[in-house]
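One-letter residues, chain by chain:
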Number of protein chains: 4
Amino acid sequence: MIVVMKPGATPQQVQHVVDLIREFGLREHVICGTDRTVVACIGDKRMVDKGAIETAAMVDRIVPILAPYKMASTEVKTDRSRIEIGPGRFPIGGTKVGVIAGPCAVENRDQLLRTADAVKAAGAIGLRAGAFKPRTSPYSFQGLGMEGLKILAEARQATGLAVVTEVVSVEQIPAVVECADVLQVGARNMQNYPLLDAVGRTRTPVLLKRGLSATLEEFLLAAEYILNGGNTQVILCERGIRTYEDYVRNTLPLASVPELNDKTHLPVLVDPSHGTGHAHLVPAMSRAAIAAGADGLIIEAHLDPEHAMSDGGQSITPAVLGELMPVLKRIAQAIGRDM
Amino acid sequence: MIVVMKPGATPQQVQHVVDLIREFGLREHVICGTDRTVVACIGDKRMVDKGAIETAAMVDRIVPILAPYKMASTEVKTDRSRIEIGPGRFPIGGTKVGVIAGPCAVENRDQLLRTADAVKAAGAIGLRAGAFKPRTSPYSFQGLGMEGLKILAEARQATGLAVVTEVVSVEQIPAVVECADVLQVGARNMQNYPLLDAVGRTRTPVLLKRGLSATLEEFLLAAEYILNGGNTQVILCERGIRTYEDYVRNTLPLASVPELNDKTHLPVLVDPSHGTGHAHLVPAMSRAAIAAGADGLIIEAHLDPEHAMSDGGQSITPAVLGELMPVLKRIAQAIGRDM
Amino acid sequence: MIVVMKPGATPQQVQHVVDLIREFGLREHVICGTDRTVVACIGDKRMVDKGAIETAAMVDRIVPILAPYKMASTEVKTDRSRIEIGPGRFPIGGTKVGVIAGPCAVENRDQLLRTADAVKAAGAIGLRAGAFKPRTSPYSFQGLGMEGLKILAEARQATGLAVVTEVVSVEQIPAVVECADVLQVGARNMQNYPLLDAVGRTRTPVLLKRGLSATLEEFLLAAEYILNGGNTQVILCERGIRTYEDYVRNTLPLASVPELNDKTHLPVLVDPSHGTGHAHLVPAMSRAAIAAGADGLIIEAHLDPEHAMSDGGQSITPAVLGELMPVLKRIAQAIGRDM
Amino acid sequence: MIVVMKPGATPQQVQHVVDLIREFGLREHVICGTDRTVVACIGDKRMVDKGAIETAAMVDRIVPILAPYKMASTEVKTDRSRIEIGPGRFPIGGTKVGVIAGPCAVENRDQLLRTADAVKAAGAIGLRAGAFKPRTSPYSFQGLGMEGLKILAEARQATGLAVVTEVVSVEQIPAVVECADVLQVGARNMQNYPLLDAVGRTRTPVLLKRGLSATLEEFLLAAEYILNGGNTQVILCERGIRTYEDYVRNTLPLASVPELNDKTHLPVLVDPSHGTGHAHLVPAMSRAAIAAGADGLIIEAHLDPEHAMSDGGQSITPAVLGELMPVLKRIAQAIGRDM
């Protein structure tokens, strides 16, 4: 952390900042520049409220230097994490990229089992579907709940696909752990700390989605909550961010993939469905995500999008998925991976 | 809802859309324009997944017309809601504007009681302070928990101020309801639906903060969850949104105040502390918020910001608050209100 | 500027950075922290391409410390600039706030003269109207051009109001300087450097609008171009920025007003018309801007907004302006200013 | 265009809107829904100021339906435009993707000629470099001007590469047309209408960069200005947009590539250098852009980025480019194209 003083700060004012820094258990390094003085702070700043120093007289601003996450960082763990999911123990974060597909929500038993078969036939290694749906409107379909979980368990048994499903509250976790291979923490819950703590106490892989307007640092700090709880199996998922763009539901900023690959050892999936909001954009962004270096994709697929109970507009059919898969495989191979 | 067809859509493709619309229980109205055909849908669209229709052949896009919230809307309830808070039953949403102030967190008994006295002396009608703190980093101070609640109860008794404090999980609600006059749902939890449902089942006023990048429609739909649960005492709080601006923690978009006053009968407070992130910007934005028509303010105030355990950089002192209050009163009077 | 090295950088890699820094004519200060080394650079960095150092081996990132503008900064000129405009030499940046009002475009002689009379009667000190209109679509009304300038000159003569009008290209400047008291550089041209250079060579006051997504630093650097050309009469204008918000044309971030008052000696106006895009939001945001400390307002006013040739939706009538003015005056007085 | 009335609008108020619509030369279609009335407008709305109707009594808002661009649209011209550039007449927009590379600025003759040779050897089909540099700060290197143009002409002669260089003002165009194969209109000038008009009067291909926070509609309307001037050779370039993300200079929203391919017949290049701002992110985003369907790339390459006079931090070396090219070729082939 660097404390930047305003021009004209007196030696007493600089000393006051130095005193504060020492009080916080840090050491200081005062640098007198041509226009102003800056004070560099050395030591562990994670427990310090940096803002507090900002209110000292003639302090201009505080510039943080060190990212406050540790366990998620490549600085602490340099080898990449590989997280095996599902009955088939598919390794997310290895050489092979994997595709997880399925409907937004479990709508009924028949729909889910048929979709599971179809996405498996297309080459998916996992099945996604929500039993508990967090919906923006209280009047929208909220999911089948426990009934949905049972159907998911049946689909897993029938297909051997890894089941990925969302948890929206702490109490659901024990039931979901029974039926699912991966606990999804949705974008709206990325900073729901009691939920992060709770999934951190399980030993089930967690798919953590980036918040709607989260920075990468906030995203990694959310992962840090889970890692800090003892659960090392965290898969990150880029699903788009909110910007001024109006032709998409979210803007999919794929540069986060190589940047996260730099900053963290955790694997990174991309969700091109929420990342665009429109089925016609999903194939192109799926291809781009693999080319950018994503460890896999999570795609919304529905047998009959026109009649989907949620997210129909961004769901592709298993048929479209089937045509996309060989293209994705060739792209993976083009960058030295496989599928 | 308007379904916009692509140019060149055939009569059969338009008819297919009409069939879908009817299937959803709506009536259609087909309009053939010079360049393209649009289909207007009439009926209650709240339960319809609009996206689904988007996937029909030759549909360009769906334009929603009606806001999906009802109970929060001035279309349903035209008289303004007035929500009385605290032992003094101060009416938020009446002619008078009220200021709620206090530290980010309850740090200890002495700090809180002295701060409560100081903000009361300055003219505040409520005391804010967190016992449970949602923090971006797992290494930051997380609040005193139940111990903090007891101190808050004591401060209320001593001063008569309305106590506003945050709930971050469903299980805390019974304890918080005992000690607090207003349950705060924080920005990060604006779309934590189990939490919204749970505060909706209480009969304690709720202060709902706008999410970090929520639209006003999403904000009002979050309020709708609470109203839908039977709790009519919802106070909205604009606390700034995330934009590309880098000199502030958040961008405070005050036009939301008159716009919300148009769209909803619920009262609106402004939080200039999170709304800027810097103490030196708080007085100006407090003044602006009142001038824009806010029903009050919620301000972070700390006796010694340099030593605050959290949010020090955005906390003003009670002394600064004391100087600000008469200015705010004059502005309130300038627009026909009072303080 | 601070160069942050990655953890594990070798002494040779740090030395290489030090060599680069010296090559750029700067002095270095190496600080070895607990986790990583940072190198602080001392000297005038304005001509250095900071990015270049970022590509050196094991450099993590570059943190700029000093704002690259000089002449616009309160660090260089501490007394506030006051810029007198129009026949009446109204001082923008003094104790009194001033309101400039008028239609988006000069539509015809009668419209402009009648509007000028009406806004003067309401208490405005300046008249705004465009003769050259930069329009997003090539099919929209592009302004009356030279004919419009003549009408503006006539309105100035008739009313004594200061005339503010936009220049969109270098060649127009001589003609506009003849007819106008203030040259407006629009938001879309904030980084049109040949235009900034050219208005910097005049001695006519310039109203510089903030770009659609400009940072305050970029805004002040644009002002610096003008100041650097020798024209010290620059008035800044906050007109809203582009964000994800969809109920407004732009988000009006009023915290820029106190922040600019801190960072620069130049006066700051606010444009609540473009800043919101909707007439019903203009009065509230006009009040808020004055309360936040703006030196004045520039408001779109039209005698018959339903028939305006451009920006009708965000234009208030002179009658609404007339009702607003005494409220603004009371707010100005509430904060120790006047009108 | 759809005019949405507020609930409770009287028949007279609806009729007033109908009258306005007819006055604008449009026909109306009144639809009475369950909650409110909407009025659909039929006819050519491009010359209508839609906002004007918004100010009529009890109008809630205006919903535009038709994009206001015509000549850029696939609705008007369905076959894709193919634009041949340079001495080699490489077709941008055909099956093959092309890479244009080179330094941010022409720094001197030796640098440019050596870089041209190096990027040609790597497989580039074009050379980019600025002679006139629009720089955020007046204190930064502003380019070599006419001298730079001569060096570019020499490089073209020596290598046969297509030369792409920026024009920042109307007066430069004749000189640049002599030396360059493609006129670049930079992001900051995307809405500089006199410049768009002027390049529209040439018959030289134009590379139009997306503005810093332009919507796709505004981007296509800027292209429309050029097309409207008679120049049909417009190449669009996605170069990233401004968002809250702080690890990149710009967020690169690659979904714009398939969306533009849907909406317009014009070819689309991607600039991964400005699109990320960091050399280490350029290879991944180059791969992603090709996979998403871009017609080519424009990449900043510098022989010695540490000593670049501008944009050093986002420049890759020709060596890195040379390694990247075969990967890009394999990806192009994976999606049925070539390089």
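The shown structure was predicted, so the numbers you read here are calculated from the model rather than taken from an experiment. (Residues numbered from 1 in each chain as written. Chains lettered and ligands numbered in written order. Predicted model: local features only at pLDDT ≥ 70, side-chain atom pairs only at ≥ 80, totals over all residues.)

### Focus on the overall build of chain A
Helix and strand counts for chain A come out as ten helices and 14 strands. Reported as C-alpha extents along the three principal axes, the dimensions of chain A are approximately 75 × 45 × 40 Å. By residue count, 64% of the 339 residues in chain A fall in the buried class. Partitioning the intrachain contacts of chain A with sequence separation of at least 6 by distance along the chain shows that 66% fall at a separation of at least 24. (Helix = DSSP H or I, 4+ residues; strand = E, 2+ residues; numbered from the N terminus. Buried ≥ 20, exposed ≤ 12 C-beta atoms within 10 Å, placed from the backbone. Contact = placed C-beta atoms within 7 Å.)

### Quick notes on the interface of chain C and chain A
At the junction of the two partners, chain C supplies 20 residues and chain A supplies 20 residues. Elements with a minimum of two residues in the side of chain C that touches chain A: β1 (2-5), β2 (27-32) and β3 (37-42) of chain C. The greatest single-element share of the side of chain C that touches chain A, amounting to three residues, is contributed by β3 of chain C. Tallied by class, the residues present in the side of chain C that touches chain A amount to eleven nonpolar, five polar and four charged. (Nonpolar A, V, L, I, M, F, W, Y, C, P; charged D, E, K, R; others polar.)

### Focus: the pairing of strand β3 (residues 37-42) of chain A
Put simply, side chains in a regular strand alternate between the two faces of the sheet. All names here are of chain A. β3 sits mainly inside the fold: five of its six residues count as buried. Of the strand pairs in this sheet, strand β1 (residues 2-5) and β3 are connected by three bridges, and their pairing is antiparallel. Bridge pairing links V4 to V38 in β3. As paired strands, strand β2 (residues 27-32) and β3 are joined by six bridges and run antiparallel to one another. Paired with V30 across the bridge in β3 is V39. The antiparallel pairing of β2 with β3 creates a hairpin that spans four residues between the two strands. (Pairing = 2+ DSSP bridges.)

### Considering the domain arrangement of chain A
What the domain assignment reports for chain A is domain 1 (2-63) and domain 2 (83-334). Just the C-alpha atoms count here: the centres of domain 1 of chain A and domain 2 of chain A sit 44 Å apart. (Domains from an automatic or database assignment.)

### Some points on the sheet that holds β1 of chain C
All names here are of chain C. If you trace the four strands from one edge of the open sheet to the other, you get β2-β3-β1-β4, paired in antiparallel fashion. Whereas interior strands pair on both sides, the edge strands pair on one side only; in this sheet they are β2 and β4 (59-63). The average angle at which neighbouring strand axes cross in this sheet is 20°, direction not considered. Strands in contact with helix α1 (residues 11-23) are β1, β2, β3 and β4; relative to β3, the strand with the most contacts, it is inclined by about 10°. (Axes fitted to C-alpha atoms, helices over the stretch in contact; angles between N-to-C directions.)

### A few points about the relation of the copies chain A and chain B
Relative to chain B, chain A is turned by 180° and slid 0.0 Å along the rotation axis, the superposed coordinates differing by an RMSD of 0.0 Å. Both copies are brought into coincidence by an operation consistent with a two-fold rotation axis. For chain A, the minimum C-alpha distance to the rotation axis belongs to S213 of chain A and amounts to 3.2 Å. The overlap is high: 100% of the interface residues of chain A also sit at the interface in chain B, so the same surface is used on both sides. (Least-squares fit on C-alpha atoms with pLDDT ≥ 70 in both.)

### A few points about the relation of the copies chain C and chain A
Least-squares fitting of chain C to chain A yields an RMSD of 0.0 Å, with the superposition described by an axial translation of 0.0 Å and a rotation of 180°. Looking at chain C, 100% of its interface residues are interface residues in chain A too, so the copies touch through the same face.

### Here we look at the interface of chain A and chain B
Opposite the 43 residues of chain A that make contact, chain B presents 43 residues. The set of elements that each furnish at least two residues to the side of chain A that touches chain B consists of α2 (50-54), α6 (193-201) and α7 (216-228) of chain A. By residue number, the principal contributor to the side of chain A that touches chain B is α7 of chain A, which donates five residues. A class-by-class count of the residues in the side of chain A that touches chain B yields 19 nonpolar, 15 polar and nine charged.

### Notes on the sheet that holds strand β14 (residues 296-300) of chain B
With parallel pairing, eight strands are arranged side by side around a closed barrel as β7-β8-β9-β10-β11-β12-β13-β14 (chain B). Recorded for the sheet is a direction-independent mean angle of 25° between the axes of neighbouring strands.

### Remarks on the environment of A9 of chain D
Along the chain, A9 of chain D turns up in the loop between β1 (2-5) and α1 (11-23). Among all residues touching A9 of chain D, those that are not within four sequence positions of it are V14, T37 and M58 of chain D.

### Description of the nonpolar core
In this structure, L208 of chain A, L208 of chain B, L208 of chain C together with L208 of chain D are the most contacted members of the largest nonpolar core, which totals 492 residues. Dropping the residues within four chain positions of it, L208 of chain C is found in contact with V185, M190, A222, A223, I226, V234, I235, L236 and C237 of chain C. (Core = buried A, V, L, I, M, F, W, Y, C linked by C-beta atoms within 7 Å.)

### Details of the packing of helix α6 (residues 193-201) of chain C against helix α7 (residues 216-228) of chain C
Residues and elements named next belong to chain C. The interhelical angle for the contact between α6 and α7, taken along N-to-C directions, is 40°, at an axis separation of 7 Å. Taken together, the axes of α6 and α7 lie oblique to each other. Relative to α7, the crossing made by α6 is right-handed. Touching Y193, L196, D197, V199 and G200 of α6 are A222, Y225, I226 and N228, all from α7. Its residues placed into classes, the contact of α6 with α7 shows six nonpolar, two polar and one charged. (Parallel < 35°, antiparallel > 145°, perpendicular 65-115°, else oblique. Left-handed = near helix turned anticlockwise from the far one by under 90°.)

### Side note on helix α10 (residues 318-334) of chain D
An α-helical turn contains 3.6 residues, so a residue and the one three or four places further along point in the same direction. Across its 17 residues, α10 of chain D extends 24 Å between first and last C-alpha, which sits within 8% of the 24 Å expected from 1.5 Å per residue. L324 of chain D marks where α10 of chain D bends most, by close to 30°; the proline P326 of chain D follows one to four residues later. Within the sequence span of α10 of chain D, burial applies to P318, L321, L324, L328, I331, A332 and A334 of chain D. Elements that come into contact with the buried residues of α10 of chain D comprise α9 (282-292) and α10 (318-334) of chain A together with β7 (98-102), α3 (109-122), α9 (282-292) and β14 (296-300) of chain D. (Expected span 1.5 Å × (residues − 1). Bend = angle between axes of the 7 residues up to and from the residue.)

### Details of α7 of chain A
All names here are of chain A. In this model α7 runs 18 Å from its N-terminal to its C-terminal C-alpha over 13 residues, within 8% of the 18 Å that 1.5 Å per residue would give. In terms of residue burial, α7 counts as a mostly covered element, since ten of its 13 residues are buried. Buried residues of α7: L216, F219, L220, L221, A222, A223, E224, Y225, I226 and L227, and no others. Of the surrounding secondary structure, the elements contacted by the buried residues of α7 are α6, β11 (206-209), β12 (234-238) and α8 (256-263). Within two residues after α7, G230 carries a phi angle of roughly 110°, on the positive side.

### Focus: unusual backbone geometry
Although it is not a glycine, M58 of chain A adopts a positive phi angle of roughly 65°. The phi angle at R89 of chain C is positive, at roughly 50°, despite the residue not being glycine. Checked against the element boundaries, R89 of chain C lands in the loop between β5 (83-85) and β6 (90-92).

### Concerning the environment of P253 of chain C
Mapped onto the secondary structure, P253 of chain C falls in the loop between β12 (234-238) and α8 (256-263). For the pair P253 of chain C and L220 of chain C, spaced 33 residues apart in sequence, the C-alpha to C-alpha distance is 16 Å. Excluding its chain neighbours within four sequence positions, the residues that come into contact with P253 of chain C are E245, T251, L252 and P253 of chain B together with I241 of chain C.

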